[in-house]
Amino acid sequence: NAGVMQNPRHLVRRRGQEARLRCSPMKGHSHVYWYRQLPEEGLKFMVYLQKENIIDESGMPKERFSAEFPKEGPSILRIQQVVRGDSAAYFCASSQIPGAANTGELFFGEGSRLTVL
Amino acid sequence: GNSVTQMEGPVTLSEEAFLTINCTYTATGYPSLFWYVQYPGEGLQLLLKATKADDKGSNKGFEATYRKETTSFHLEKGSVQVSDSAVYFCALPPMDSSYKLIFGSGTRLLVRP
């Protein structure tokens, strides 16, 4: 019974490079959420996707960040032209139902830790 | 909007000590409240929840009571174990969303044998 799988677990990039973070939701889950955790802070919501659709990207920075959840394959969080301030842990969560936050039925991955040099 | 404030860590305890991790919230209405735990090398997982005022959530020996008078949801355990060493997050949903969570900054607990 595989949980939410994220890769890579650790990613090092130089300023100006691109970072791609992948998330495979739990089997049967069609709702994916990305959160970011900056050092010494709590997790902050970034984006909510269903298959092939972005439902809410209100937490995403306006530039350089994008997310997708294609019909086949994992969800991808893409950060172009990374800067040092992008260094953080990026967590993916999935759920079977859309209102999962109210019931606590969000299942989180182990996170991907991005370090920008 | 809704928000949550959590005590800073790290908290270091000896095995079998009593644990309290404070969490206070600001909310419109009475949203559900949650404690999540992140063990080393793992993702966050739901530890316990309370869905209405005066509810007590419990799991694995941990308890938290939803107290509307003090707007608190403190996490407690009577006797901690080394295996409880982890980061604990208090969380609640925002007023206008059924799918987002607002997290506290997390409290790292280290239990020494």
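The text that follows walks through the structure, step by step, so that each part is easy to find.

The rules we used
- Starting afresh in each chain, residues are numbered from 1 along the sequence in its written order.
- Whichever chain is written first is A, and whichever ligand is written first is 1; the rest continue in order.
- With the structure being a predicted model, the display of local features is reserved for residues of pLDDT at least 70 and the display and counting of side-chain atom pairs for 80 or more, all residues being used for whole-chain, interface and lining totals.
- The side-chain figures draw on all heavy atoms in the structure; neither hydrogens nor water molecules are used.
- The secondary structure listing takes helices from DSSP runs of H or I that are at least 4 residues long and strands from runs of E that are at least 2 residues long, numbered from the N terminus.
- Should any heavy atoms of two residues lie within 4.5 Å, those residues are counted as being in contact.
- A pair of strands counts as paired when DSSP detects no fewer than two bridges linking them.
- Angles shown run from 0 to 180 degrees and are taken between the N-to-C directions of axes, each axis being a line fitted to C-alpha atoms and, for helices, limited to the stretch in contact.
- Joining through side-chain atoms within 4.5 Å is the link that ties buried Ala, Val, Leu, Ile, Met, Phe, Trp, Tyr and Cys residues into a set, and such a set is a nonpolar core.
- Burial classes: relative accessible area under 20% of the type maximum marks a residue as buried, over 50% as exposed, and values in between as partly exposed (1.4 Å probe, protein chains only).
- Computed over the protein atoms alone on a 1 Å grid, cavities are sets of points where a 1.4 Å probe fits but cannot get out and pockets are open sets with protein on both sides within 12 Å along at least five of seven lines; a residue lines them when it has an atom within 4 Å of a point.
- Grid points are joined across faces, edges and corners, and a volume is the space filled by probe spheres set on the points.
- Residues are grouped as follows: Ala, Val, Leu, Ile, Met, Phe, Trp, Tyr, Cys and Pro are nonpolar; Asp, Glu, Lys and Arg are charged; all remaining types, including Gly, are polar.
- Counting rule for disulfides: a pair of cysteine sulfur atoms within 2.5 Å.

As a further point, take the environment of B:S98. Residue position: B:S98 is located in the loop between β10 (86-92) and β11 (102-103). In this structure, B:S98 is in contact with A:P98, A:G99, A:A100, A:A101 and A:N102, ignoring residues within four places of it in sequence.

In this section: the sheet that holds strand β3 (residues 19-24) of chain A. Residue and element names in this part refer to chain A. Taken in spatial order, the four strands line up as β1-β3-β8-β7 in an open sheet, and their pairing is antiparallel. Edge strands, defined here as strands with exactly one partner in the open sheet, are β1 (5-7) and β7 (65-68). Sheet twist, expressed as the average angle between the axes of neighbouring strands with direction ignored, equals 15 degrees. The pairing of β7 with strand β8 (residues 75-79) spans four bridges and is antiparallel. The partner of E68 across the bridge, within β8, is I76.

Below, the discussion takes up the nonpolar core. B:L19, B:W35, B:L47, B:L48, B:F73, B:L75 and B:Y88 are the most contacted members of the largest nonpolar core, which totals 26 residues. Those elements giving two or more residues to this core turn out to be β2 (11-14), β3 (19-21), β4 (23-26), β5 (33-38), β6 (44-50), β8 (62-65), β10 and β12 (107-112) of chain B. When residues of this core are assigned to their parent elements, the largest contribution, four residues, is made by β10(B). Core analysis: the next-biggest nonpolar cluster, separate from the first, contains 23 residues, A:L11, A:V47, A:L49 and A:F65 among them.

Structurally, the position occupied by B:S32 is in the loop between β4 and β5. Residues contacting B:S32, with those up to four places away along its chain left out, are A:N102, B:A50, B:T51, B:A91, B:L92 and B:P93.

So, on to the layout of surface pockets. If you add up the space inside the largest pocket, you get close to 530 Å³. Taken together, 20 residues line the largest pocket, and the ones lying closest to its centre are A:Q37, A:E40, A:E41, B:S105 and B:R108. At the level of secondary structure, the elements contributing two or more residues to the lining of the largest pocket comprise β9 (88-95) and β11 (112-116) of chain A together with β10 and β12 of chain B. Taken together, the residues of the lining of the largest pocket break down into eight nonpolar, seven polar and five charged. Empty space within the second largest pocket amounts to approximately 330 Å³. Around the second largest pocket, the lining comprises 18 residues; the ones closest to its centre are A:G3, A:V4, A:F108, B:G43 and B:L44. Elements supplying a minimum of two residues to the lining of the second largest pocket: β1 and β10 (107-108) of chain A together with β6 of chain B. A total of three residues in the lining of the second largest pocket trace back to one element, the largest contributor, which is β6(B). In terms of residue class, the lining of the second largest pocket is made up of eight nonpolar, six polar and four charged.

What follows covers the state of the cysteines. A covalent bond between the sulfur atoms of two cysteines is referred to as a disulfide. Evaluated as defined, the whole model comprises two disulfides over all chains. Across the disulfide from A:C23 sits A:C92; the S-S distance is 1.8 Å. An S-S torsion of about -55 degrees defines the bridge between A:C23 and A:C92 as left-handed. Here A:C23, found in strand β3, pairs with A:C92, found in strand β9; they are 69 residues apart in sequence, far enough to count as distant. This pair shows no difference in class: A:C23 is buried, exactly as A:C92 is. In this model, B:C23 is linked to B:C90 through a disulfide, with the two sulfur atoms separated by 1.9 Å. Its S-S torsion of approximately -65 degrees makes the covalent link between B:C23 and B:C90 left-handed. Separated by 67 residues along the polypeptide, B:C23 in strand β4 and B:C90 in strand β10 bring together distant segments of the chain. A residue is classified by how much of its surface remains accessible, and B:C23, at 1% relative accessible area, is buried.

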